[in-house]
Amino acid sequence: MAALGRIAPRFGRSLLRPGGPREAAAAGRRGARVLRRSPVRVLPPEKERDAAAEAQRSPREPPPAPPPPPPAVERSSAGPGLWYEKAAPGDRRLGKVVTIAKSKKFRDHHGKVLLEGQRLIRDALEAGAVLQTLFFSTVGHLKELPEAELKRANLVKVKFEDIKSWSDLVTPQGLIGIFSKPDHAKMSYPAAQLSGSLPLLLICDNIRDPGNLGTILRSAAGAGCEKVLLTKGCVDPWEPKVLRAGMGAHFRLPIVANLDWESVPSNLPASVQVCVADNKDPGAQAETASVLRGAGGAGSAPRKSKPKVAPEREEEEEEDVCVPELAMQYYYENWTRTPVAVVIGGETHGVSLDALHLAASTGGKRLVIPVVPGVDSLNSAIAAGIVLFEGKRQLLQRHKQEDERQQLSSGRN
């Protein structure tokens, strides 16, 4: 009874409160929820939130491993101040460089050319061409090249088998050089070449065969030409096959390449006479009403580059093109007038109409190389050699006659 007496007053007081026991229970629950509430969170900046969200979305990756240290380069001395490195097994630089340097697009974009063989590399170095990297198989090769120029280049010793696998030569010499593309205006040509130079220039008109162009350049250097101009459409003179056929001619006389016909006159001396090589018999009737048709070679068929037209209109347009009239004579007759330039046409189409117009504007002539009837034309390189050396003979003879006249006049005085 005593316990019941103690409970009764508390129970009675709860019943006397407004709302009764249910209200009391609800108030107790609200107090519990208040105690369970988490504290106010401080949000990080927006960038940090984005970074955290991105980290949750993407799987975590371990940090990248540091790059391996570069392999140690073994360097050796080939003389005072002349150092070279030895290519490690599996070194692919030679193959990569050679493959890229053989691309015309790479040569034009990066200004690099590939030269192979002792003579060609030595001629280039002596003419002032800048050597960047030289791959060689034996140290003895270095002693045969200008030492001062080698000190400025990167020298890499490789196995002869590696050079042989990338060489274009039948019998590789163990030397491949990567040069900056030479600029004819900055070259130092041999003194003997300069002293033997004549007021004789050569214009190559759409020579596309690498072997022919290299042989033509070699003939031009041998004849003592002052300069060689290459119009657009000619093969790149720095193509490996042209270099091999040229036998160092690239470094003996200026070669100006990729010219359009509008810029050709600005590369010729004043009062020059331009002649074109031909194989048309001067006794035959001149065809001036339409474009001549026939075999290519030494200027047999003039042509003009133009956009392609529909077949039904092609013949009509060709009939509207007139060929300028030029005086015709045999190549061995007197035709040299100081200075003089000779145009050699391509192997397929011969000289272009642009070449004939230029020759006509300078009072030039057609130089005929007679051939046996039935033979269409001469090889362009052969025609160039014949005409250039005949021009050299005539210029030297004229110079000799002028000297004799001066001596006679001075003796009379």
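What comes next concerns the included structure. (Residues numbered from 1 in each chain as written. Predicted model: local features only at pLDDT ≥ 70, side-chain atom pairs only at ≥ 80, totals over all residues. Heavy atoms only, no water.)

## A short note on the pattern of salt bridges
Going by this rule: Salt bridge, as applied in this entry: a Lys or Arg side-chain nitrogen positioned within 4 Å of an Asp or Glu carboxyl oxygen. Here the term buried applies to any residue with accessible area under 20% of the maximum for its type, exposed to any over 50%, and partly exposed to those in between, with areas from a 1.4 Å probe on protein chains only. Where helices and strands are cited, they refer to DSSP runs of H or I of at least four residues and of E of at least two residues respectively, numbered from the N terminus.
Summed over all chains, the structure comprises 11 salt bridges. In this structure, the salt-bridge partner of Arg93 is Asp91, at a minimum N-O distance of 2.9 Å. Among the residues examined, Asp91 registers a relative accessible area of 29% and is labelled partly exposed. With a shortest N-O distance of 2.3 Å, Arg366 and Asp278 are connected by a salt bridge. With Arg366 in strand E13 (residues 365-368) and Asp278 in strand E10 (residues 273-278), this pair connects stretches of sequence that are 88 residues apart. Relative accessible area serves as the criterion here: at 1%, Asp278 is assigned to the buried category.

## Digging into helix H10 (residues 210-223)
Note the threshold: Residue count minus one, scaled by 1.5 Å, sets the expected span of a helix. Polar contact is the term for a pair of N or O atoms within 3.5 Å; when the atoms are in protein, one must be able to donate a hydrogen and the other to accept it, and sequence-neighboring residues count only if both atoms are side-chain atoms.
Spanning 14 residues, H10 covers 20 Å between terminal C-alpha atoms, matching the ideal 20 Å at 1.5 Å per step. Extensive coverage of H10 is indicated by the burial of 10 of its 14 residues. Along H10, the positions that sit buried rather than exposed are Pro210, Asn212, Leu213, Gly214, Ile216, Leu217, Ser219, Ala220, Ala221 and Ala223. Put simply, Asp209 is the residue that caps the front of H10, since its side-chain oxygen is 3.1 Å from the backbone nitrogen of Gly211. Positive phi appears at Gly224, one or two residues downstream of H10, with a value of about 85°.

## A look at the nonpolar core
Which entries qualify depends on this criterion: Side-chain atoms within 4.5 Å are what join buried Ala, Val, Leu, Ile, Met, Phe, Trp, Tyr and Cys residues into a set we call a nonpolar core. Only heavy atoms enter the contact rule, under which two residues are in contact if any of them lie within 4.5 Å.
Of all hydrophobic cores here, the largest spans 36 residues; its most connected members are Leu200, Leu202, Cys204, Leu213, Ile216, Val228 and Ile344. Looking at this core, the elements that each hand over two or more residues are strand E7 (200-205), H10, strand E8 (227-231), E10, strand E12 (340-345) and helix H14 (380-412). Setting aside chain neighbours within four positions, we find Leu213 in contact with Cys204, Ile207, Leu230, Val235, Pro237 and Val242. Of all hydrophobic cores here, the second largest spans 25 residues; its members include Val113, Ile121, Phe179 and Leu243.

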